Amino acid sequence: GSALAGGGMAYNIGDEAGVTTDGATYEGTVKSFNPEKGWGHIECSDTFEQFGKDVFLLKSQLRNAQAVQKGQRVTFGLTDNGRGPEAVDI
């Protein structure tokens, strides 16, 4: 039926690395990280256009590491709990 027209693109979603709950994955650079406090910020031009600020990074959201280094490239999903953009599934 015509309801399925154009729906074929959905099959490409599996090709994306690190698909998150909202379906969007971003790539950015760690701008700062404080291992003692367990948080920092990610610089990402795509999210900066949306929010006008850097993305907050929490140690608890790191998948395969206990820490990240300044300048490190990361991929992440995004959540906004009212305080601004936060990275998830880093």
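Residues numbered from 1 in each chain as written. Predicted model: local features only at pLDDT ≥ 70, side-chain atom pairs only at ≥ 80, totals over all residues. Heavy atoms only, no water.

Peer 1: Sorry, what's going on with the pattern of salt bridges here?
Peer 2: Side-chain pairing between opposite charges can occur once the charged atoms of the two side chains come close. This structure, assessed with the given rule, holds four salt bridges. In this structure, the salt-bridge partner of Lys31 is Asp54, at a minimum N-O distance of 2.8 Å. Taken together, the residues span a long stretch of sequence, with Lys31 in strand β1 (residues 26–34) and Asp54 in the loop between α1 (45–51) and β3 (55–58) at a distance of 23 residues. Notably, a salt bridge pairs Arg83 with Glu86, separated by 3.3 Å at the nearest N-O pair. The exposure class of Glu86 is buried, given its relative accessible area of 11%. (Salt bridge = Lys/Arg side-chain N within 4 Å of Asp/Glu carboxyl O. Helix = DSSP H or I, 4+ residues; strand = E, 2+ residues; numbered from the N terminus. Buried < 20%, exposed > 50% of the residue type's maximum accessible area, 1.4 Å probe, protein only.)

Peer 1: What is the right way to read the nonpolar core from this model?
Peer 2: What tends to happen in soluble globular proteins is that the nonpolar side chains get buried as a cluster. Core analysis: the biggest nonpolar cluster contains 14 residues, and Ile42, Leu57, Phe76 and Ile90 have the highest contact counts within it. Only β1, β3 and β4 (73–80) provide two or more residues apiece to this core. Every residue in contact with Ile90, bar those within four places of it in the chain, is listed here: Leu57, Leu58, Gln61, Leu62, Arg63, Val74, Thr75 and Phe76. (Core = buried A, V, L, I, M, F, W, Y, C linked by side-chain atoms within 4.5 Å. Contact = heavy atoms within 4.5 Å.)

Peer 1: Looking at this model, I keep getting lost on the confidence of the model for the protein. Mind explaining?
Peer 2: Detailed conclusions should not be drawn from predicted coordinates in areas where pLDDT is low. The pLDDT averaged across the protein works out to 80; a share of 74% of its residues lies at or above 70. Between the elements of the protein, mean pLDDT differs from a low of 92, seen in α1, to a high of 97, seen in strand β2 (residues 39–43). Predicted confidence for residues 1–21 stays below pLDDT 50, and this span has 10 contacts to residues more than four positions away or in other chains. (pLDDT = per-residue confidence, 0-100.)

Peer 1: What should I look at first to understand the pairing of β3 in this one?
Peer 2: A regular strand places its side chains on the two faces of the sheet in alternate fashion. Side-chain alternation along β3 places Val55 and Leu57 on a buried face and Phe56 and Leu58 on a face that remains uncovered. As judged from the four bridges shared by β2 and β3, these two strands associate in the antiparallel manner. Bridge pairing in β3 places Gly40 opposite Leu57. (Pairing = 2+ DSSP bridges.)

Peer 1: Teacher, can you tell me more about the environment of Lys59 here?
Peer 2: Residue position: Lys59 is located in the loop between β3 and β4. Of the residues examined, Lys59 reaches a relative accessible area of 34% and is grouped as partly exposed. Measuring from C-alpha to C-alpha, the distance between Lys59 and Trp39 comes to 5.7 Å, with 20 residues separating the pair along the chain. Excluding residues within four positions of it along the chain, Lys59 makes contact with Phe33, Gly38 and Gln66.

Peer 1: Looking at this structure, how should I read the pairing of β2?
Peer 2: Burial along β2 is one-sided: the face carrying Gly40 and Ile42 is buried and the face carrying Trp39, His41 and Glu43 is not. Strand direction decides the pairing type here: β1 and β2, joined by five bridges, are antiparallel. The residue bridging Ser32 from the neighbouring strand is His41, located in β2. In textbook terms, the turn of a hairpin is the stretch between consecutive antiparallel strands, and for β1 and β2 this stretch comprises four residues, one of which, Gly38, has a positive phi near 80 degrees.

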